[in-house]
Amino acid sequence: MAFDFQRLQAALGMSVKLTLTCGVFQGVLHHINPSCDLLLLHTVKNLETGRSSPGVKAFFSREIVNVELLDEPDSQKRTAVLYECTSAVENKGADAGTVHGSLGCSPCASLEKELRALNSLNMNSFPGKEEEEKVEYTVIDCFQEKFGPAVLHLKQQDVISVVGEGVNLCPHGKLSWLQIATKSHVFLFDIFLLGPQAFRNGLQAVLEDKNILKVMHDCRWISDCLFHQYSVLLDNVFDTQVADVLQFSVATGGFFPHRTCTLQECLMQHLRIPSKWKTLMKCKQQMALENPDTWFLRPLPASLLQVLALKAMCLLLLHSSLMDNFMADLTAVVHAYLNTSQNRSEDHLGSMEDRNTMIWRKARRGAFAVTPARKHELIPNCTELPKELRQLADIQKLRREKAVKEYRINEDGLLIRPVVELNDRNPQKDETL
């Protein structure tokens, strides 16, 4: 059955009854995607079983036999409403205000109103610099045009970040969005609309590629979801939550924290991201916690799409920052090596093998006598631990002593890590000596 999608647009926000080839459903018409021949309904009820489904449910036009409006219980009034909707389309929206006024009765409309108010608050609270703080992203909700080039671009990368959004991400949860960022772009894959075919058409190959490093935060839950629902086996993952704990242990001389950090906390500790980004992510995340179905809104408000892109982009920056932290001690010791060699005379420069050869040649010429004690002094053992490396133990001891003074220790011997607030200074830098 071919639908006039333009005509159905006038009924957005109204209760409809869908008769399918496999059942009958009732719900609020939420979104129409003509390119995919797709209708989205909110607050869906199966009229045959009486069961209700939370969030948004998708229906393909090829499965739909009939669509009826149910805003008025009387059949004659229902026909009149349908006629008014049709007239509104034909008259280019003359009565659109009346038709869309019914949105105020739906849960979606209430949530969208809340989002608009929050967006307005954010704009007023952070004047200026909006343009430079925007993140460029591409929403991919169908397989035409954008999907193929995006997957091809991802397959050419060495490092990407991967974030998932949905409800209760586990073997029985719902994955709504998969955000993947590269150094040059952010892709927002609408898994709710694309379905399992998105992974069969290329995303699975990217996520399982051993040559592509996937940066994630607490990969356990999304890995569980991807494996049990889409048969995706993640490989070559850098987990920033694990890295943050290891960095904490290095910074405190070997102690471990009593808890892990959220992505929001890690970003505040390790990155100097604009305060607006932090506030946006915090507010939108809180909204999603209060209403998990937020991520199933279609179309998703631009402000939430911006947050999805921000998280993926910042995750790549977090990976770089953590790697720099891990390399700090190594860099310091190598610098000490260089200073030691540069402060010696020319006779002591060059490889150890060259220096040993030079010493024994002088000894054979009788330039000086080589006693056992002098031999040990002139020919250091290449495998002996240098003093520059031994200093790391002293540094770790000092860090441990400082950590004991700054943190409380629980009964398990773990440091009690405080919650990181939005305006806190960076404690990670203060811990490092």
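Residues numbered from 1 in each chain as written. Predicted model: local features only at pLDDT ≥ 70, side-chain atom pairs only at ≥ 80, totals over all residues. Heavy atoms only, no water.

Draft legend 1. Expanded view of the overall build of the chain. Scanning the chain from N- to C-terminus turns up 17 helices and 11 strands. Taking all 433 residues of the chain together, the buried fraction comes to 42%. Considering only contacts within the chain whose residues lie at least 6 apart along the sequence, 64% involve residues at least 24 apart. (Helix = DSSP H or I, 4+ residues; strand = E, 2+ residues; numbered from the N terminus. Buried < 20%, exposed > 50% of the residue type's maximum accessible area, 1.4 Å probe, protein only. Contact = heavy atoms within 4.5 Å.)

Draft legend 2. Structural detail: the packing of helix α6 (residues 147-155) against helix α8 (residues 197-208). Two numbers describe how α6 lies on α8: the axes approach to 9 Å, and their chain directions differ by 15°. Between α6 and α8, the interaxial angle falls into the category roughly parallel. Here α6 and α8 pass one another in a crossing that is left-handed. Two secondary-structure elements touch here, α6 through Phe147, Val151, Leu154 and Lys155 and α8 through Ala198, Asn201, Gly202, Leu203, Ala205 and Val206. Split by residue class, the contact of α6 with α8 holds 7 nonpolar, 2 polar and 1 charged. (Axes fitted to C-alpha atoms, helices over the stretch in contact; angles between N-to-C directions. Parallel < 35°, antiparallel > 145°, perpendicular 65-115°, else oblique. Left-handed = near helix turned anticlockwise from the far one by under 90°. Nonpolar A, V, L, I, M, F, W, Y, C, P; charged D, E, K, R; others polar.)

Draft legend 3. Just the pattern of salt bridges, in detail. One pass over the full model with this rule turns up 7 salt bridges. Asp218 is the salt-bridge partner of Arg220, the closest N and O atoms lying 2.7 Å from each other. Exposure remark for Asp218: the relative accessible area of 15% places this residue in the buried category. Notably, a salt bridge pairs Arg399 with Asp329, separated by 3.1 Å at the nearest N-O pair. Pair noted here: Arg399 is in helix α16 (residues 387-406) and Asp329 is in helix α13 (residues 302-342), with a separation of 70 residues, a long-range link. When its relative accessible area of 23% is taken as the criterion, Asp329 is described as partly exposed. (Salt bridge = Lys/Arg side-chain N within 4 Å of Asp/Glu carboxyl O.)

Draft legend 4. Region of interest: the packing of aromatic side chains. For the coordinates displayed, the defined rule picks out 6 aromatic pairs. For the ring pair Phe187 and Phe189, a centre distance of 6.3 Å and an interplane angle of 40° mean the geometry is tilted. The pair formed by Phe187 and Phe189 is uniform in burial state, with each residue classed as buried. Here the aromatic residues Phe143, Phe147, Phe187 and Phe189 are joined through ring pairs into a cluster of three or more. In this structure, Arg400 is placed above the aromatic ring of Phe255, and the distance from its NZ or CZ to the ring centre is 3.9 Å. (Phe/Tyr/Trp six-rings, centres within 6.5 Å; stacked < 30°, edge-to-face > 60°. Lys NZ or Arg CZ within 6 Å of the ring centre and 35° of its normal.)

Draft legend 5. Structural context of the sheet that holds strand β6 (residues 138-140). Across the sheet, which stays open at both edges, the 6 strands sit in the order β6-β9-β8-β7-β10-β11 with mixed pairing between neighbours. The two strands at the open ends of the sheet, each matched to only one other strand, are β6 and β11 (237-239). Sheet twist, expressed as the average angle between the axes of neighbouring strands with direction ignored, equals 25°. Relative to β11, strand β10 (residues 213-216) runs parallel, the two being bridged by 3 bridges. Bridge pairing links Met216 to Asp239 in β11. α6 rests against β6, β7 (159-167), β8 (174-181) and β9 (186-190) of the sheet, and its axis sits at about 130° to β9. With respect to the sheet, α8 is in contact with β7, β8, β9 and β10, its orientation differing from that of β8 by roughly 60°. (Pairing = 2+ DSSP bridges.)

Draft legend 6. Fine view of the nonpolar core. In this structure, Leu267, Leu300 and Leu318 are the most contacted members of the largest nonpolar core, which totals 33 residues. Counting residues per element, this core draws most heavily on α13, which supplies 12 residues. Ignoring sequence-local partners within four residues, the contact set of Leu267 consists of Ile273, Met281, Cys314 and Leu318. The next biggest cluster of nonpolar side chains, apart from the first, holds 28 residues, and it includes Ala198, Ile212, Val232 and Leu234. (Core = buried A, V, L, I, M, F, W, Y, C linked by side-chain atoms within 4.5 Å.)

Draft legend 7. Unusual backbone geometry, seen in detail. With an omega dihedral of -5°, the bond running from Arg298 to Pro299 counts as a cis peptide bond. Here Pro299 lies in the loop between α12 (275-290) and α13. Although it is not a glycine, Asp218 adopts a positive phi angle of roughly 55°. By secondary structure assignment, the location of Asp218 is in the loop between β10 and α9 (219-230). A positive phi angle, close to 55°, is found at Asn236, a residue other than glycine. Mapping Asn236 onto the fold places it in the loop between α9 and β11.

Draft legend 8. A look at the environment of Val420. Mapped onto the elements, Val420 comes out in the loop between α16 and α17 (427-431). Those residues in contact with Val420, other than ones at most four positions away along the chain, are Arg259, Glu265, Met268 and Gln269.

Draft legend 9. Focus on the side chain of Ser161. Within the element layout of this structure, Ser161 appears in strand β7. Here the side chain of Ser161 touches Ala312 through a polar contact of 2.6 Å, landing on its backbone oxygen. When neighbours within four sequence positions are excluded, Ser161 is seen to be in contact with Gln179, Ile180, Ala181, Val215, Ala312, Leu315 and Leu316. (Polar contact = N/O pair within 3.5 Å; in protein donor to acceptor, adjacent residues only side chain to side chain.)

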